[in-house]
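# Descriptive structure summary
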Amino acid sequence: MKKIALITSGGDSPGMNACIRSIVKTCLFYNIIPFGIYDGFQGMIDKRGVELGYSDVDNIIYRGGTILGTARCEEFRTAEGRQKAINFLKEESVDGLVVIGGDGSFTGAYTLGKEMSIPIIGIPGTIDNDIFGTDHTIGFDTALNTVVDAIDKIRDTASSHHRAFFIEVMGRDAGFIALNAAIASGAESVLIPEELTNIDKLVEEIKTQNKGRRSSIIIVAEGDDGGGAKEILEKVKPFLPNYDLRFSVLGHIQRGGSPSALDRIIATRMGSYSVELLIEGKSNCMIGVYGETLSTCSIESGIKEHAVPEQSKIDILKKLRTQ
Ligand code: F6P
């Protein structure tokens, strides 16, 4: 293993820089050249990469985003696009590849691994936490804290004005952010893609919640089957004529900001481990973390198995629903 390439791919997430730093420093420790490729798979196709040194990763551990840039690359879905990427990796004599990203990026990595004999390690980096094979993805903890902080602030104004607020959080296919934010913020209701939304039931819930209360917070995962926060508000409005309803879409603030300590630690551990796995001759595996322990599973299972939130977290909210 003389040269290891690394990319960040898909939606960025806080902690990606900590992971890049860890990969670079671990490579240099083992006298391996770390080769950063810009903008994910797009940079492979466009032949844009650079050998990284210590000074490149100085003071980036606390920064959100990714110094390598990222992209969602349509061209990489085509055989021609992937061939260009393969040519680049061969020209650069890359011996191993680390892909930091979500399930779309892992699908790209898996396909590349079938078409080119190169060892590939996947590191789960997405705020959505929707990757099978790990308790935490890099960025989830930071995003969750950002969301809870925003909801606390909305609660102040919601209770002053006696309003019911529908707050939309990210999570295209999964309700991890919504569910965990609901527990942490004491939200009155939560709508997640993992459970069918029943508008009649929601209306009844809001009516019950508001008996003698000053406000209601209803968190809506963007991927909910009932629609986004605005749509849900429009659906319940005719049944709640005397209620003051508002919605708020938190949007991309959820993806930015300085990573939490937990995200920095996970990112640093996973980054270093990825280099060690490549040195040991491992390939096609994704790194996960369970409790305090790092683990691996195949990239394939990371893509094909579906990550779902803990049922006990859904149950606890039902028990704690305000009357
Ligand atoms: O990174 C995942 C995610 O945050 C999803 O929750 C969201 O749907 C999506 O990215 C939005 O991404 P973009 O605006 O970059 O297309």
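Up top you'll find the structure we're talking about.
Thresholds, definitions, all that
Residues numbered from 1 in each chain as written. Predicted model: local features only at pLDDT ≥ 70, side-chain atom pairs only at ≥ 80, totals over all residues. Heavy atoms only, no water. Near = heavy atom within 4 Å. Polar contact = N/O pair within 3.5 Å; in protein donor to acceptor, adjacent residues only side chain to side chain. Nonpolar A, V, L, I, M, F, W, Y, C, P; charged D, E, K, R; others polar. Domains from an automatic or database assignment. Pairing = 2+ DSSP bridges. Helix = DSSP H or I, 4+ residues; strand = E, 2+ residues; numbered from the N terminus. Axes fitted to C-alpha atoms, helices over the stretch in contact; angles between N-to-C directions. Buried < 20%, exposed > 50% of the residue type's maximum accessible area, 1.4 Å probe, protein only. Right-handed = clockwise from strand over helix to strand, strands pointing away. Contact = heavy atoms within 4.5 Å. Parallel < 35°, antiparallel > 145°, perpendicular 65-115°, else oblique. Left-handed = near helix turned anticlockwise from the far one by under 90°.

## Let's talk about the site of the ligand
As a structural note, the neighbourhood of the ligand is formed by Gly11, Arg72, Ile127, Asp128, Met170, Gly171, Arg172, Glu222, His252 and Arg255. Measuring from an oxygen atom of the ligand, one finds a side-chain N or O atom of Asp128 at 2.8 Å. Gly171 is positioned such that a nitrogen or oxygen atom in its backbone is 3.2 Å from an oxygen atom of the ligand. Here the shell around the ligand is built from residues that sort into two nonpolar, three polar and five charged. Looking at which domains feed residues into the shell around the ligand, each of domain 1 (3-139 + 259-304) and domain 2 (142-255) gives three or more.

## Quick look at the sheet that holds strand S10 (residues 285-290)
With mixed pairing, the seven strands of this open sheet are ordered in space as S3-S2-S1-S4-S5-S10-S11. Whereas interior strands pair on both sides, the edge strands pair on one side only; in this sheet they are strand S3 (49-51) and strand S11 (293-298). Neighbour to neighbour, the strand axes of the sheet diverge by 25 degrees on average, direction disregarded.

## Points about the pairing of strand S1 (residues 3-8)
Judged by how many residues are buried, S1 sits mostly within the fold: six of six residues are covered. The alternating pattern of S1 places Lys3, Ala5 and Ile7 and Ile4, Leu6 and Thr8 on opposite faces, both of which are buried. As judged from the four bridges shared by S1 and strand S2 (residues 33-37), these two strands associate in the parallel manner. Within the sheet, the bridge partner assigned to Ala5 lies in S2 and is Phe35. Each parallel crossover has a hand, and for S1 linked through helix H1 (residues 16-29) to S2 it is right-handed. Alignment of S1 against strand S4 (residues 96-101), held across five bridges, turns out to be parallel. Directly across from Thr8, in S4, lies its bridge partner Ile100.

## Focus: the environment of Ile314
Within the element layout of this structure, Ile314 appears in helix H11 (residues 311-320). With 135 residues separating them along the chain, Ile314 and Leu179 place their C-alpha atoms 7.2 Å apart. When neighbours within four sequence positions are excluded, Ile314 is seen to be in contact with Leu179, Ile192 and Glu195.

## Notes on the side chain of Ser105
Here Ser105 lies in helix H4 (residues 103-115). Residue Ser105 is classed as buried on the basis of its relative accessible area, which comes to 4%. There is a polar contact of 2.8 Å between the side chain of Ser105 and the side chain of Ser9.

## Thoughts on unusual backbone geometry
Comment: phi is negative for the bulk of residues other than glycine, and the bulk of peptide bonds are trans. Residues other than glycine seldom take positive phi values, yet Asn129 does so here, at roughly 60 degrees. Looking at where Asn129 falls in the secondary structure, it is placed in the loop between strand S5 (120-124) and helix H5 (140-160). Exposure remark for Asn129: the relative accessible area of 3% places this residue in the buried category. Positioned with a positive phi, Asn284 is a non-glycine residue whose angle comes to about 50 degrees. Residue position: Asn284 is located in the loop between helix H9 (261-279) and S10.

## Regarding the packing of helix H6 (residues 176-185) against H11
Remark: H6 packs on H11, axes separated minimally by 10 Å, with the N-to-C direction vectors making an angle of 40 degrees. Comparing their axes, H11 and H6 come out oblique. For the pair H6 and H11, the sense of crossing is left-handed. Taken together, the residues of H11 that come into contact with H6 (itself represented by Leu179, Asn180, Ala182 and Ile183) are Lys313, Ile314, Ile316 and Leu317. Here the residues of the contact of H6 with H11 sort into six nonpolar, one polar and one charged.

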